[in-house]
Amino acid sequence: MLKPWLGRAAVLALPALPTLLAMLTTAVLFILFLLIQGQPAWQAGPLVFEGAFGSMFAWENTLMRAAPLMLTALCVALPARAGLIIIGGEGALVLGGLAAAVTPLWLPALPAWPMLIAMGVAAMLAGGLWIGLSGWLRQKRGVNETIGSLLLSYIALAIFRHLVEGPLRDPNSLNKPSTPPLDSGYQIGVISDSFYVHWGLVAGVVTCVLAWVLVRYSVVGFSLRIVGGNPRTPRMLGLPVDRLVLLTCVLGGAAAGLAGMYEVSAVQGSANTALISGYGTAGILVAFAARHNPLGIIVCAILLGGLEASGGLLQRRLGLPDATTLILQGILFINLLAWEALTRRTLDWRLWLRGHWIAAPSSRAGSTEVSHG
Amino acid sequence: MAESELSIFLLALLAGAIRVGTPFLFVSLGECLTEKGGRINLGLEGILVTGAMTGYAVSYLSGSPWLGVFAAGLSGLALGLVHGVICSLPRVNDIAFGIALILFGTGLAFFLGKDFIQPSAPMLPSIPLGFWSDDTRVRSALNVNVLFFIGVALAFVLHWSLRGTRWGLMLRLVGDHEDSAQALGYRAAGVRIVATGVGGFLAGVGGAYLSLYYPGSWNEGLSSGQGLMAVALVIFARWQPINCLWAALLFGAAGAVGPALQAIGIGWGYYLFNAIPYVLTLAVMVITCRPDRTLSGAPGELSLNR
């Protein structure tokens with residue numbers, strides 16, 4: 001006879017089944033893709049792992065990339081709680097970065113801490129306003145938020161390029177147009193010399209945990225679950241739907257803006273076009289992979305950061321183009337969504353397991369029959 | 001502004017409307033067909049890039065640009081079918097899947113297209129409609145690509161067949177009211193898969209135009225979001241293929257403002273002027289959309305409206 005505890009473990013593991021299957025099929029498809037190309041597929045797999053988590057250096061590289069991903073993923077995940085699909089995080093990130101870079105130019109000289117806080121606030125305001133605008137357009141004007149946020153993101157990139165290569169350009173930045181470099185006192189350093197990752201990682205993790213507390217335990221989070229579930233119920237309850245939706249957009253945008261601030265003050269040292277590196281787009285994938293759960297985002301951001309970090313190694317050792325990781329991300333995203341189709345079945349299987357495997361051997365079989373039906 | 005400068009500017013705008021508008025036309029016709037069936041495919045952006053790469057590569061390898069266009073269409077058909085099939089599974093969100101397809105399509109194109117950035121492929125021919133003029137500017141402006149005329153013809157054919165053929169009516173029924181279609185014995189999923197596939201084919205052809213005519217080369221910065229703007233363009237056109245034609249020309253002209261200003265020596269704000277199509281799209285959506293009602297002409301099953 002099968003042990004009941006095994007059944008309970010199976011019930012607990014079932015929700016993860018679609019994700020696991022998605023990762024498995026991604027690996028198979030990716031290997032197949034490389035084999036068709038005549039590439040050494042069997043070396044690529046271990047290399048991805050080595051480049052992502054194989055050494056201390058790899059870990060640092062991975063976590064450095066994971067930090068902004070956590071924040072840009074929140075830009076998707078928080079509005080998604082209210083039922084919106086926002087994909088314009090890239091624009092919020094670059095505007096946030098720009099706001100952070102120009103704050104020290106426009107404020108009088110301040111000590112490091114107040115200035116960093118001012119930069120962070122400016123970045124969050126810029127990002128929050130931008131994504132908030134998408135949410136406002138959707139609630140007040142009926143403009144689809146997916147397309148609206150993306151158009152706003154394109155517009156933000158144009159504004160960013162115009163300002164960085166025009167009015168705000170540092171005349172000394174010759175072949176790489178950028179804003180004047182930040183004073184070294186306003187640059188954010190690494191956590192420690194033996195752990196060479198900037199403080200943005202801590203900011204990312206803390207923000208994700210805060211977001212988790214917000215959606216899980218606060219009244220706002222509970223209201224959001226109702227708003228995201230059905231458009232009519234919250235209105236009947238008299239919930240302020242528009243304000244809640246707007247709040248998630250502003251908070252999400254603020255997170256992406258903060259990512260821009262860390263990219264400027266901890267990585268680039270000024271605002272330049274290197275900020276436009278796809279963190280916003282990859283954040284969409286992270287959020288969907290984590291099913292918009294803020295704690296899941298931490299894990300998924302590290303996984304995806306690792307995937308991106310391994311790109312360099314694949315390029316150097318196997319001569320694969322840098323688009324390899326982009327394909328891998330695409331296949332992963334497709335599989336994650338496609339296996340989502342299984343979730344309805346897993347619910348059935350859960351019920352079946354509860355009825356037959358866990359409770360059936362005991363004397364309470366009769367009562368489970370009732371609950372099953 | 002001197003009078004000659006104004007005429008140069010307007011001529012560049014007219015030429016741009018056709019030249020920049022043609023890919024918009026193909027992608028928006030593809031999206032229109034897809035949305036008529038009740039699905040939305042944001043992945044046309046990825047398909048566009050894949051089509052551009054495939055068209056360029058096949059044209060280079062075979063020496064025939066038309067074979068390239070056809071191959072680009074086929075690659076779009078394949079990716080469109082993937083979208084159609086997987087979105088027919090339960091609980092799969094078509095908007096999210098479109099985003100995944102953008103990632104995959106661009107990744108695929110960048111990966112496979114690495115070797116084709118350097119060589120130059122044979123380009124698509126154009127018809128010199130400006131033969132009567134002595135002015136070289138007029139002549140180059142009226143050099144219109146054959147694909148544009150095919151696109152215009154296609155817009156009229158689609159417009160007619162959506163109203164007047166059995167196929168078109170079935171597609172619209174599936175897109176407007178799935179239950180009625182099922183009551184008549186049509187399988188909604190099958191119809192949508194075909195519509196998304198054909199839409200992908202058209203988007204692929206639009207991509208081939210980018211790489212094989214204007215701008216006329218293959219590189220990784222070729223597309224500037226035309227595939228996504230097409231989604232907004234279809235809303236602007238109220239899901240009517242003929243309106244897609246006018247909207248595509250308008251967007252083409254908007255996209256040509258930056259280069260046209262450069263042609264008369266105004267270099268200031270290049271990036272800002274290039275963002276005009278996005279601003280225009282957003283403005284159009286703000287004006288036409290309302291939160292309390294769905295748009296007239298919108299397919300009833302479209303997730304965009306729910």
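Rules of the game
Residues numbered from 1 in each chain as written. Chains lettered and ligands numbered in written order. Predicted model: local features only at pLDDT ≥ 70, side-chain atom pairs only at ≥ 80, totals over all residues. Helix = DSSP H or I, 4+ residues; strand = E, 2+ residues; numbered from the N terminus. Rg over C-alpha atoms; globule rule 2.2 N^0.38 Å. Buried ≥ 20, exposed ≤ 12 C-beta atoms within 10 Å, placed from the backbone. Contact = placed C-beta atoms within 7 Å. Nonpolar A, V, L, I, M, F, W, Y, C, P; charged D, E, K, R; others polar. Domains from an automatic or database assignment. Core = buried A, V, L, I, M, F, W, Y, C linked by C-beta atoms within 7 Å. Expected span 1.5 Å × (residues − 1).

**A look at the overall build of chain B**
Scanning chain B from terminus to terminus reveals 13 helices and two strands. For 306 residues, the compact-globule estimate of 2.2 N^0.38 gives 19 Å, and chain B sits close to it at 19 Å. The principal-axis extent of the C-alpha atoms belonging to chain B is close to 65 × 45 × 35 Å. Considering chain B as a whole, with its 306 residues, one finds that 53% of them fall into the buried category. A separation of at least 24 residues holds for 78% of the contacts in chain B among residues at least 6 apart in sequence.

**Quick look at the overall build of chain A**
Within chain A one finds 16 helices and two strands. Relative to the compact-globule value of 21 Å for 373 residues, chain A shows a C-alpha radius of gyration of 23 Å, a close match. Expressed along its principal axes, the backbone C-alpha trace of chain A runs to roughly 80 × 60 × 35 Å. A total of 373 residues make up chain A; the buried ones form 49% of that total. Put simply, of all contacts in chain A between residues at least 6 apart along the chain, 76% involve residues at least 24 apart.

**Section: the interface of chain A and chain B**
Counting from both sides, the interface comprises 38 residues of chain A and, opposite them, 38 residues of chain B. Of all the secondary-structure elements, those providing two or more residues to the side of chain A that touches chain B are α6 (112-141), α7 (145-165), α12 (279-289), α14 (324-339) and α15 (343-358) of chain A. In the side of chain A that touches chain B, the residues fall into 23 nonpolar, 10 polar and five charged.

**Points about unusual backbone geometry**
Each neighbour pair has its own omega, and for Y214 of chain B with P215 of chain B the value is 5°, a cis peptide bond. Of note, P215 of chain B is situated in the loop between α9 (188-212) and α10 (226-236). Even without being glycine, R291 of chain A reaches a positive phi, approximately 50°. Backbone geometry places W239 of chain B, a non-glycine residue, at a positive phi of 60°. Following the sequence through the fold, W239 of chain B ends up in the loop between α10 and α11 (241-263).

**Some words on the domain arrangement of chain A**
Residue and element names in this part refer to chain A. For chain A, the assigned domains read domain 1 (1-39 + 320-364) and domain 2 (58-169 + 198-317). Look at where the C-alpha atoms of domain 1 and domain 2 centre, and you get two points 29 Å apart. Taken residue by residue, the interface counts eight residues in domain 1 and 10 residues in domain 2. Among the residues making up the side of domain 1 that touches domain 2, the classes are represented as four nonpolar, three polar and one charged.

**With respect to the nonpolar core**
In terms of nonpolar packing, the biggest core is built from 214 residues, with V286 and I297 of chain A together with L233 of chain B touching the most fellow members. When residues of this core are assigned to their parent elements, the largest contribution, 16 residues, is made by helix α11 (residues 241-268) of chain A. Per-domain counts for this core show at least three residues from each of domain 1 (1-39 + 320-364) and domain 2 (58-169 + 198-317) of chain A. If we ignore the near neighbours within four places in the chain, the residues touching V286 of chain A are L69, A73, I297, C300, A301 and L304 of chain A.

**Brief notes about helix α2 (residues 44-62) of chain B**
All names here are of chain B. With 19 residues, α2 extends 26 Å from end C-alpha to end C-alpha; this agrees with the ideal 27 Å at 1.5 Å per step. In terms of burial, α2 is largely enclosed, as 16 of its 19 residues are buried. Looking one or two residues beyond α2, the residue adopting positive phi is G63, at roughly 85°.

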